[in-house]
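Spelled out, the chains give:
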Amino acid sequence: MSPTSAPSASQVSKVEGIKERSQQLREPIATELLQDTTHFSEDGTQILKFHGSYQQDNRDNRVKGQEKDYQFMLRTRSPGGIIPSQLYTALDQLSEEYGNGTLRATTRQGFQIHGILKKNLKTVMAAIVRNMGSTLGACGDLNRNVMAPPAPYANHPEYIYAWEYANNIADLLAPQTGAYYEIWLDGEKFISGEEHPDVVAARQANGNRTIFHDGEEPIYGQHYMPRKFKIAVTVPGDNSVDLFSQDVSLVVITDDQKQLLGFNVYAGGGLGRTHNKEETFARVADPIGYVDKEDVYSLVKAIVATQRDYGDRKDRRHARMKYLLNDWGVDKFRSVVEGYFGKAIQPLKPLPPFEYKDFLGWHDQGDGKFFLGISVENGRIKDEGDFRLKTAMRLINQKFALPIRLTPHQNVLFHDIEPADKLEIQEILSSHGIKAVEEIDTLVRYSMACPALPTCGLAVTESERALPGILDRIRALLTKVGLEDEHFVIRMTGCPNGCARPYLAELGFVGQSPESYQIWLGADPHQNRLAQIYADKSHINDLEVTLEPLFVYFKRDRHPGESFGDFCDRVGLQSLREYAARYTSGMVAKATKVRHRIGVRDDLYDRLKTAATTEGISMSEVVAKALEAYLNG
Ligand code: SRM
Ligand code: SF4
């Protein structure tokens with residue numbers, strides 16, 4: 001039996017037609033790539049995503065009436081965040097030669113290069129593949145990069161199973177079309193690793209309507225998925241992958257001897273939403289049940305087939321699998337999946353609570369070697385002033401050829417480090433301005449921001465470029481109210497799509513209109529619970545006024561050891577709002593100096609800084625003096 005739900009053209013969204021006409025992801029990009037143009041057509045742009053690239057423009061360079069400054073972002077597909085040393089060397093060089101000079105570690109354990117011109121796209125893509133990488137399926141309506149905890153423990157079998165199955169599921173659901181190799185490598189096929197025979201068999205296995213028997217794509221058919229699809233595999237107690245935000249999460253279950261038995265399965269998480277459209281929302285995944293290891297690929301295929309055949313292909317805003325779970329409820333979803341699976345899904349196995357883990361700093365790997373987790377602010381690997389992470393990583397890579405793992409928190413781990421090399425590696429990092437994990441402000445350590453401006457076409461506010469300054473202000477405010485050692489999870493995005501998973505942060509900023517953010521509060525520190533909207537369109541200049549009452553209330557009424565997110569959840573939004581209202585009307589004027597901000601040109605700012613240093617007074621005082629003099633005539 002083959003699936004029967006090929007959507008009819010009159011009912012479906014525009015993108016469904018583009019996929020159908022693409023000859024399994026070949027056109028129009030194969031044709032348009034050969035044309036001497038700066039960018040692709042709308043259809044080409046959509047199909048290009050499946051190959052791992054987004055057409056963007058540098059929004060800082062937009063000039064009315066002129067063509068946009070088109071450029072391309074490339075994203076790697078790296079299950080579990082595994083980046084071999086050879087691939088890192090290639091990505092580093094490509095980003096220097098063809099990109100904007102930076103590399104960006106993403107929230108799903110991939111690398112992105114920004115700023116590639118269309119004429120160089122093929123060169124860069126081919127170089128990635130020839131150096132053990134791939135971008136196929138990093139974007140588009142199919143299974144995205146499969147996540148797994150990044151810690152390379154050699155002596156924790158659960159972790160080893162998690163990487164193995166993350167990798168195998170990535171293979172199982174990889175597109176089978178020849179388009180990628182034809183277009184970018186002139187048909188030459190590069191295989192970076194053999195597929196596990198179980199995966200090959202599982203892909204072709206003729207389940208109950210799970211596969212198409214004609215064409216190149218047994219699982220996806222001509223129309224691929226209705227929307228992006230995201231999977232993570234983790235181990236009990238480890239929520240480094242934010243498992244509740246995924247379409248599907250699998251949790252490794254072992255016996256007392258640490259032999260793999262099977263997996264607990266969760267489904268229906270997803271974060272993307274649209275402001276003022278209540279029918280779109282962030283959602284945490286539901287527990288679905290347990291599956292034996294022998295059946296896990298069949299179950300994953302059954303879930304994929306359920307979403308493929310029943311996911312909404314008319315309205316892309318309602319097309320993620322979370323809406324099926326929401327509209328059907330867990331019982332109906334489970335029973336439809338069981339129809340494809342061909343048997344009953346077993347009850348969930350009991351598990352300990354899931355915790356936030358980032359694996360930063362030095363760790364014993366368990367096989368005589370070490371791994372080192374380096375905090376990368378917002379994932380941006382660059383050289384800037386005294387901070388020269390890009391160069392430091394290049395030197396470490398050249399000298400020691402260490403494999404890298406990218407973490408789901410935009411950080412990097414070097415592993416397989418010989419004890420004798422620890423000191424030299426640490427020295428390379430220190431001499432390039434990279435702080436040890438103990439020296440990093442904990443607000444920075446536990447924060448994330450998405451790229452937003454200038455590359456993201458969907459951004460309505462700054463994010464990556466704004467968060468560092470905002471964290472400084474929050475640290476100053478915490479110090480002011482007597483919470484100088486406090487930290488919590490802060491995440492920011494430039495729009496409601498949720499790329500830095502702000503709805504699972506204790507304090508989330510979600511871009512709403514220029515310079516204004518929706519403020520989300522109350523997720524737990526381990527990302528098991530969603531935050532809620534506390535304030536709308538909060539201007540970033542009002543940050544201190546908005547947050548000070550909350551921090552004061554938290555300091556006064558928290559339970560011993562209670563985190564900020566748990567506190568906000570316990571007292572509730574209404575109580576927070578009431579306290580803030582009383583606080584602002586009564587005490588805030590006395591307690592807080594309201595600060596106004598004005599912008600100055602970079603050169604003026606530098607002169608201001610020099611003047612303040614020369615005179616030994618603060619910059620505010622210099623400005624105040626100058627303004628007084630000016631205003632008084
Ligand atoms: Fe994302 C679209 C960046 C993880 C939800 N995301 C985009 C685009 C491609 C903008 C676009 O469509 O034109 C962004 C490119 C910006 C740029 O200049 O690089 C973008 N997303 C990112 C990254 C780079 C953010 C980061 O700080 O690392 C992450 C890349 C991950 C990867 O390696 O694959 C990234 N995006 C996420 C996540 C988090 C996750 O997957 O764990 C989410 C929320 C989880 C989810 O999917 O529900 C996420 N991105 C979205 C959405 C909203 C999807 C939805 O269901 O509504 C969009 C827009 C869309 O798909 O229409 C989007
Ligand atoms: Fe762009 Fe919005 Fe994603 Fe940020 S959250 S990268 S602004 S799509």
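Everything numeric in this text was worked out from a predicted model, so none of it was measured. (Residues numbered from 1 in each chain as written. Chains lettered and ligands numbered in written order. Predicted model: local features only at pLDDT ≥ 70, side-chain atom pairs only at ≥ 80, totals over all residues. Heavy atoms only, no water.)

J.: For this particular structure, what's the right way to read the site of ligand 2?
T.: With respect to spatial proximity, the complete set of residues near ligand 2 consists of Cys-450, Pro-451, Ala-452, Cys-456, Leu-458, Ala-459, Thr-493, Gly-494, Cys-495, Asn-497, Gly-498 and Cys-499. The residue makeup of the shell around ligand 2, split by class, is eight nonpolar, four polar and no charged. (Near = heavy atom within 4 Å. Nonpolar A, V, L, I, M, F, W, Y, C, P; charged D, E, K, R; others polar.)

J.: How do you make sense of helix α17 (residues 564-571) when you look at a structure like this?
T.: Each α-helix winds once per 3.6 residues, and so residues spaced three or four apart point in a common direction. Within the sequence span of α17, burial applies to Phe-564, Gly-565, Phe-567 and Cys-568. Mapping the buried residues of α17 onto a view down its axis gives an arc of 160 degrees, with all of them on the same face. Backbone geometry just after α17 places Gly-572 at a positive phi near 90 degrees. (Buried < 20%, exposed > 50% of the residue type's maximum accessible area, 1.4 Å probe, protein only. Helix = DSSP H or I, 4+ residues; strand = E, 2+ residues; numbered from the N terminus. Arc of directions from axis to C-beta.)

J.: I'm lost on the site of ligand 1 in this one. Help?
T.: The environment of ligand 1 is formed by 29 residues, the closest being Thr-106, Leu-271, Thr-455, Cys-499 and Arg-501. Here Arg-75 contributes a side-chain N or O atom positioned 3.5 Å from an oxygen atom of ligand 1. With respect to ligand 1, the side chain of Arg-108 contributes an N or O atom lying 3.0 Å from an oxygen atom. When contributions to the shell around ligand 1 are tallied by element, the ones reaching two or more residues are β1 (53-57), β2 (70-75) and β5 (111-116). Its residues placed into classes, the shell around ligand 1 shows nine nonpolar, twelve polar and eight charged. (Polar contact = N/O pair within 3.5 Å; in protein donor to acceptor, adjacent residues only side chain to side chain.)

J.: What is the right way to look at the packing of helix α15 (residues 467-480) against helix α16 (residues 543-557) in this model?
T.: For any two helices packed against each other, the geometry comes down to the angle between their axes and how far apart the axes lie. With their axes 10 Å apart at the nearest point, α15 and α16 run at an angle of 40 degrees to one another. The angle between α15 and α16 places the two elements in the oblique class. Read as a crossing pair, α15 and α16 show a hand that is right-handed. Along the contact surface, α15 presents Ile-470, Arg-473, Ile-474, Leu-477, Leu-478 and Lys-480, while α16 presents Leu-543, Glu-544, Leu-547, Glu-548 and Phe-551. For the contact of α15 with α16, the class distribution of residues is seven nonpolar, no polar and four charged. (Axes fitted to C-alpha atoms, helices over the stretch in contact; angles between N-to-C directions. Parallel < 35°, antiparallel > 145°, perpendicular 65-115°, else oblique. Left-handed = near helix turned anticlockwise from the far one by under 90°. Contact = heavy atoms within 4.5 Å.)

J.: Any chance you could explain the sheet that holds strand β21 (residues 532-539) here in plain terms?
T.: Two modes of strand pairing occur in sheets, parallel and antiparallel, and in both the strands are linked by backbone hydrogen bonds. Pairing is mixed across the open sheet formed by five strands, whose spatial order is β17-β18-β19-β20-β21. If you trace the sheet from one side to the other, it starts and ends with β17 (447-449) and β21, each paired once. Neighbour-to-neighbour, the strand axes of this sheet turn through a mean angle of 15 degrees, independent of strand direction. On top of the sheet, α15 reaches β17, β18 (490-493) and β19 (507-513); it is set at about 145 degrees to β18, its chief contact. Contacts from α16 reach β19, β20 (516-521) and β21, with the element oriented near 150 degrees to β21. (Pairing = 2+ DSSP bridges.)

J.: So what exactly am I meant to see when it comes to a nonpolar patch on the surface here?
T.: Nonpolar side chains collect at one region of the surface, where Val-600, Leu-604 and Tyr-605 lie side by side and expose about 240 Å² of accessible area between them. Positionally, Tyr-605 belongs in helix α20 (residues 602-615). By relative accessible area, Tyr-605 is classed as partly exposed at 37%. (Patch = residues over 30% accessible without salt bridge, like charges linked within 9 Å, V, L, I, M, F, W, Y side chains within 5 Å. Areas by Shrake-Rupley, 256 points an atom, 1.4 Å probe, with all protein chains shown as cover. Salt bridge = Lys/Arg side-chain N within 4 Å of Asp/Glu carboxyl O.)

J.: So what exactly am I meant to see when it comes to the environment of Ile-540 here?
T.: Within the secondary structure, Ile-540 is located in the loop between β21 and α16. Other than its neighbours up to four places away in sequence, Ile-540 contacts Ile-470, Arg-473, Glu-515 and Tyr-517.

J.: I would appreciate a short explanation of the coordination of the iron atom of ligand 1 in the present structure.
T.: In a perfect tetrahedron of four donors around a metal, the angles come out at 109.5 degrees. In a perfect octahedron of six, they are 90 or 180 degrees. Exactly one donor from the protein chain reaches the iron atom of ligand 1: Cys-499 (SG), at 2.3 Å. Assignment of secondary structure puts Cys-499 in the loop between β18 and β19. (Donors = N, O, S within 2.8 Å, 3.2 Å for Na, K, Ca; no water.)

J.: I would appreciate a short explanation of empty space enclosed by the protein in the present structure.
T.: To find leftover empty space, one rolls a probe the size of a water molecule over the atoms. This model, assessed by the stated rule, comprises three cavities of 30 Å³ or more. The computed volume of the largest cavity comes to approximately 40 Å³. Lining the largest cavity, in full, are Ser-375, Val-376, Glu-377, Asn-378, His-409, Asn-411, Val-444, Arg-445 and Ser-447. For the lining of the largest cavity, the per-class residue count stands at two nonpolar, five polar and two charged. (1 Å grid on protein atoms, 1.4 Å probe; cavity = no way out; pocket = protein on both sides within 12 Å on 5 of 7 lines; lining within 4 Å. Points joined across faces, edges and corners; volume = space filled by probe spheres on them.)

J.: Is there a simple way to explain the packing of aromatic side chains in this structure?
T.: In this description, an aromatic ring pair is defined by two values, namely the gap between the centres and the angle between the planes. This structure, assessed with the given rule, holds 27 aromatic pairs. Consider the rings of Tyr-553 and Tyr-579, whose centres lie 4.2 Å apart with planes at 10 degrees: the pair is stacked. In this pair, Tyr-553 sits in helix α16 while Tyr-579 sits in helix α18 (residues 573-586), placing the two residues 26 residues apart along the sequence. Judged by relative accessible area, Tyr-553 falls into the buried class, the value being 8%. A centroid spacing of 5.2 Å and a plane angle of 70 degrees characterise the contact between Phe-554 and Phe-564, whose relative ring orientation is edge-to-face. In this pair, Phe-554 sits in helix α16 while Phe-564 sits in helix α17, placing the two residues ten residues apart along the sequence. Grouping residues by exposure puts Phe-554 and Phe-564 together as buried. (Phe/Tyr/Trp six-rings, centres within 6.5 Å; stacked < 30°, edge-to-face > 60°.)

J.: Help me out: how do you make sense of unusual backbone geometry in this one?
T.: Where the residue is not glycine, phi is negative for most of them; where a peptide bond is considered, it is trans in most cases. The omega torsion across Glu-27 and Pro-28 is 5 degrees, close enough to zero to call that bond cis. Summarising the element assignment, Pro-28 is placed in the loop between α1 (14-21) and α2 (29-33). With an omega of 10 degrees, the peptide bond between Leu-453 and Pro-454 qualifies as cis. Mapped onto the fold, Pro-454 is located in the loop between β17 and α15. Backbone geometry at Arg-209 places phi at a positive 65 degrees, although glycine is not the residue there. Within the secondary structure, Arg-209 sits in the loop between α8 (197-204) and β6 (231-234). A positive phi angle, close to 50 degrees, is found at Tyr-224, a residue other than glycine. The topology assignment puts Tyr-224 in the loop between α8 and β6. What makes Tyr-224 buried here is its relative accessible area of 0%.

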